[in-house]
Amino acid sequence: MRIEGLNEEQVEMLDFMWSLDSLEEFEEWKASLDAREARMADTLQRMVLMAALDDELETENAYPDAKKLLKQFQL
């Protein structure tokens, strides 16, 4: 997984987020942040989820039935 365009603060926060062991730990940690940092943590979490979905969709064997149907509509 790769997320580009992050600044140093975002990279540090994301590294810390990766070190957490559970969603509960993440929620507790996020609750301790100020509003700006909490928004950044939410944004980074969403970016990780989007990157994970992108990685899943890009695999060659992902969703073969959907790909077959979509191919029928390609010009």
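For the structure itself, consult the block above.
Residues numbered from 1 in each chain as written. Predicted model: local features only at pLDDT ≥ 70, side-chain atom pairs only at ≥ 80, totals over all residues. Heavy atoms only, no water.

Caption draft 1: Local environment of the packing of aromatic side chains. Taken as a whole, this structure holds two aromatic pairs when the rule is applied. Between the aromatic rings of Phe26 and Trp29, the centroid separation amounts to 5.9 Å while the plane-to-plane angle is 50°, which identifies the pairing as tilted. Separated by three residues within a single helix, Phe26 and Trp29 lie in helix α2 (residues 23–31), roughly one turn from each other. Put simply, the rings of Phe16, Phe26 and Trp29 touch in pairs and so form one group of aromatic residues. (Phe/Tyr/Trp six-rings, centres within 6.5 Å; stacked < 30°, edge-to-face > 60°. Helix = DSSP H or I, 4+ residues; strand = E, 2+ residues; numbered from the N terminus.)

Caption draft 2: Seen up close, the side chain of Lys30. By the secondary structure assignment, Lys30 is in helix α2. In this structure, Lys30 is in contact with Ala38, Ala41 and Asp42, ignoring residues within four places of it in sequence. (Contact = heavy atoms within 4.5 Å.)

Caption draft 3: Molecular detail of the nonpolar core. Met13, Leu14, Met17, Leu20, Phe26, Trp29, Leu33, Ala38, Met40, Ala41, Leu44 and Val48 form the largest nonpolar core, which has twelve residues in total. Of all the elements in the fold, those that place two or more residues in this core are α1 (8–19), α2 and α3 (35–58). Ranked by the residues each element gives to this core, the list is headed by α3, at five residues. Residue contacts for Met40: discarding those within four places in its chain leaves Glu9, Gln10 and Met13. (Core = buried A, V, L, I, M, F, W, Y, C linked by side-chain atoms within 4.5 Å. Buried < 20%, exposed > 50% of the residue type's maximum accessible area, 1.4 Å probe, protein only.)

Caption draft 4: Seen up close, the pattern of salt bridges. Throughout the structure, instances matching the rule amount to four salt bridges. Notably, a salt bridge pairs Glu4 with Arg2, separated by 3.3 Å at the nearest N-O pair. When its relative accessible area of 67% is taken as the criterion, Arg2 is described as exposed. The residue Glu27 makes a salt bridge to Lys30 at a minimum N-O spacing of 4.0 Å. (Salt bridge = Lys/Arg side-chain N within 4 Å of Asp/Glu carboxyl O.)

Caption draft 5: Representation of a negative patch on the surface in the model. There is a patch of like negative charges on the surface, built from Asp21, Glu24, Glu25 and Glu28. Mapping Glu25 onto the fold places it in helix α2. (Patch = residues over 30% accessible without salt bridge, like charges linked within 9 Å, V, L, I, M, F, W, Y side chains within 5 Å. Areas by Shrake-Rupley, 256 points an atom, 1.4 Å probe, with all protein chains shown as cover. Lys, Arg positive; Asp, Glu negative; His and termini not counted. Charge placed at Lys NZ, Arg CZ, Asp CG, Glu CD.)

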